[in-house]
Structure formats: structure tokens, C-alpha cells
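Working through the structure, step by step
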Amino acid sequence: MKTVMGYIAGLLFGLGLALAGMTDPARVLGFLDLFGAWDPTLMFVLGGAVVTTFIGYRVVFRRERPMLGETFQLPTRQDLDGRLIGGAALFGIGWGLSGYCPGPAIASIAGLTAPLFAMLVAMVAGWFLARAFPARG
Amino acid sequence: MDWSASLQGLVGGVLIGLSAVWLMATLGRIAGISGIVGSLVTTLPKGDSAWRVAFVLGLISGPLLLMLTGGGLGNVAGEPGEVVGQPAGGVGLMLVAGLLVGVGTGLGSGCTSGHGVCGLARLSPRSMVATATFLACAIVTVYVVRHVIGGGA
């Protein structure tokens, strides 16, 4: 049952990304090109997603626990450290170079090309590399 | 301004939000792609990884579903009817970009979905800082690539 719920969540996410044009790096880069021919589409994607989640989470958290789990597993850390900010900065540069964040990159496997394959392999290598860093920077 | 693309973006965003709410309501998990997939590939399989595999399969089948309908449900990729767009560069550039995205989301504990959608919706200070940081760095990167190195192309 958990597997079915996971699949439905993934399907909704993938459909949302594709409908929103997030699986087209050209559109994503158009949004990031603030000082060129700016394309505002992504603002509506982020806005729609954040507002929906903001409202939805408030409804969900009225329950004591999730339908199929023991507890809501939420991050508890509040501190800002170099790992968070440095990591986000590196990610931003990679996102700006490629137009892919992890979701759209994986969702685009249906139209796999050699450059996208290279991106995915390097991304997985990067995740392993990040685990080799000391826990707190 | 392209209002149909904006509307479509809004619909897509709401679906992404519903996915995040669904995952929290049923399994009590944050819908962070780098976290879900990263923990799947970098740690040995545990009893709790089936939903992650299913999530990834769902994620891939979303665009596939649109492609099978000829993009007929409407999407806003560059070409009409196209769902999955072309990567911005060749293998070399994408290797560098992929490594940065992997290391960055691994160190920063999240990407656009975990920090930018779920984290902002929870009003998490860490996610607000992370989102502002990666957005700013991505905007500067595109500026440098297109308008400094690219000579205004």
C-alpha cells in the first residue's frame, strides 16, 4: 500500500513538472535569465506548488500521524551552516549551467539523450561525494 | 507575457503541491527529490525503500503519459507537442553541471522540491536561505554564461 501511495505521489509530481514545462531546460533557463528575455512561467509553478503545499500541510498536520506511517518525518534543524549555504550555492551554479534540478532531470529519462545521461551519472556521483564530507561543515 | 504558459505553469505547480501533500498525508514524508532518490542510491536497500522506487517510477511516467497523448494534455516545452526538451549543452558541460547539482543538493540537504516547495511551505528558515541562495546563484550563472561569456546571445 505504501508503494502505491509513493507511485501516485511520483506520478502527480512528474505530470506537474511536464505540464509546467519544467522538463524543458530552455524554459527553466529562460526563467533564470532575469536580465535577458525573462520568462516568468516558473514563478507560477513555484507559487502554485508552495501555496498548495502550505494549505495542504496545514490540513494534513491536524491529524496525529500519517495514514500509513507512525510519525510525520520532518527536518528539525533550524541552524544555518556552511554546508547548507555552500551546498545550495554549488547546486545553483549547476542548475544555471544545465537548466536541470534533480526532479526534471530524472523525470526526463523518457527522452534520454547522451548529455542527460551524463548529467544523471554525474549527479549520482555527486551524491556519493557529498556523503564523504564531514557531517558538519 | 504568455498567459497560457503561465496558467499551465500554475496548473503544473498545483499538481506538484498536491504530490507533496499526498506524500505527507499518506507516508509522512517530505517530497524532496534529491533526498528520496539520493538516499535510494547511496545507501544499501532497507525495508523502507519500495515507496521510493515507486515514487521514481511515477516521476518518470508523468512525462511519459503526456508524450503518449502526443503532449495533447498541453504542456509548455519549447516546441508544440514536445514534452521533454533538449539539454542545454553537450556531455562535458552536463557532467560538470550534474556533479555540482549532486554535490550541492547532497551537502545542502535538498533541492528545488525539498527546500523550494516543501521547506518554504513549512516556513523553514533553513529552506528559505537555501532557496534564496540557489536561486541567486543560478541567476548569476545564467547571466555570466549568456551575457558575459556569451556576448549577449
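The text that follows walks through the structure, step by step, so that each part is easy to find.

Calculation criteria
Residues numbered from 1 in each chain as written. Chains lettered and ligands numbered in written order. Predicted model: local features only at pLDDT ≥ 70, side-chain atom pairs only at ≥ 80, totals over all residues. Heavy atoms only, no water. Axes fitted to C-alpha atoms, helices over the stretch in contact; angles between N-to-C directions. Helix = DSSP H or I, 4+ residues; strand = E, 2+ residues; numbered from the N terminus. Parallel < 35°, antiparallel > 145°, perpendicular 65-115°, else oblique. Contact = heavy atoms within 4.5 Å. Patch = residues over 30% accessible without salt bridge, like charges linked within 9 Å, V, L, I, M, F, W, Y side chains within 5 Å. Areas by Shrake-Rupley, 256 points an atom, 1.4 Å probe, with all protein chains shown as cover. Salt bridge = Lys/Arg side-chain N within 4 Å of Asp/Glu carboxyl O. Nonpolar A, V, L, I, M, F, W, Y, C, P; charged D, E, K, R; others polar. Buried < 20%, exposed > 50% of the residue type's maximum accessible area, 1.4 Å probe, protein only. Buried area = accessible area lost by both parts, 1.4 Å probe. Polar contact = N/O pair within 3.5 Å; in protein donor to acceptor, adjacent residues only side chain to side chain.

Here we take up the packing of helix α6 (residues 114-132) of chain A against helix α2 (residues 33-42) of chain B. Taken N-terminus to C-terminus, the directions of α6 of chain A and α2 of chain B make an angle of 80°; their axes are 10 Å apart at the nearest point. Our classification of the angle between α6 of chain A and α2 of chain B gives roughly perpendicular. Of the residues in α2 of chain B, those in contact with Val124, Trp127, Phe128 and Arg131 of chain A of α6 of chain A are Ser34, Val37, Gly38, Val41 and Thr42 of chain B.

Moving on to a nonpolar patch on the surface. A grouping of Leu34, Phe35, Trp38 and Met43 of chain A together with Val140, Tyr143, Val144, Val145, Val148 and Ile149 of chain B is seen on the molecular surface, where their side chains present a nonpolar patch of about 930 Å² in accessible area. Ranked by residue count, the leading element in the nonpolar patch is helix α6 (residues 125-149) of chain B, at 6 residues. With respect to the helices, strands and loops of the structure, valine 148 of chain B is situated in helix α6.

To continue, consider the packing of helix α2 (residues 25-32) of chain A against α6 of chain B. Running from N to C, α2 of chain A and α6 of chain B cross one another at 100°; their axes reach a closest spacing of 8 Å. If you check the angle between α2 of chain A and α6 of chain B, you find them roughly perpendicular. Only Leu135, Ala138, Ile139, Val142 and Arg146 of chain B of α6 of chain B make contact with α2 of chain A, whose side of the interface consists of Leu29, Gly30, Phe31 and Leu32 of chain A. Across the contact of α2 of chain A with α6 of chain B, the residue classes tally to 7 nonpolar, 1 polar and 1 charged.

A few words on the pattern of salt bridges. Evaluated as defined, the whole model comprises 7 salt bridges over all chains. Among the salt bridges present, the one from arginine 146 of chain B reaches aspartate 33 of chain A, with a minimum N-O distance of 3.0 Å. Here arginine 146 of chain B, found in helix α6, pairs with aspartate 33 of chain A, found in the loop between α2 and α3 (41-60), and the two come from separate chains. Its relative accessible area of 4% is what places aspartate 33 of chain A among the buried residues. Its salt-bridge partner being aspartate 81 of chain A, residue arginine 126 of chain B comes within 3.6 Å of it at the nearest N-O pair.

The next point concerns the interface of chain B and chain A. Across the contact, 112 residues belong to chain B and 103 residues belong to chain A. For the pairing of chain B and chain A, the buried interface totals around 9400 Å² over both sides, and the portion due to carbon and sulfur atoms is 77%. For the pair chain B and chain A, the interface holds 3 salt bridges. Ionic pairing is found between arginine 126 of chain B and aspartate 79 of chain A, a salt bridge with its closest N-O pair at 3.9 Å. At the boundary of chain B and chain A, one finds 16 residue pairs in polar contact (both at pLDDT 80 or more). Take the side of chain B that touches chain A: its biggest share by element is 23 residues, from helix α1 (residues 3-27) of chain B.

Keep in mind that these numbers describe shape and distance, not what the molecule does.
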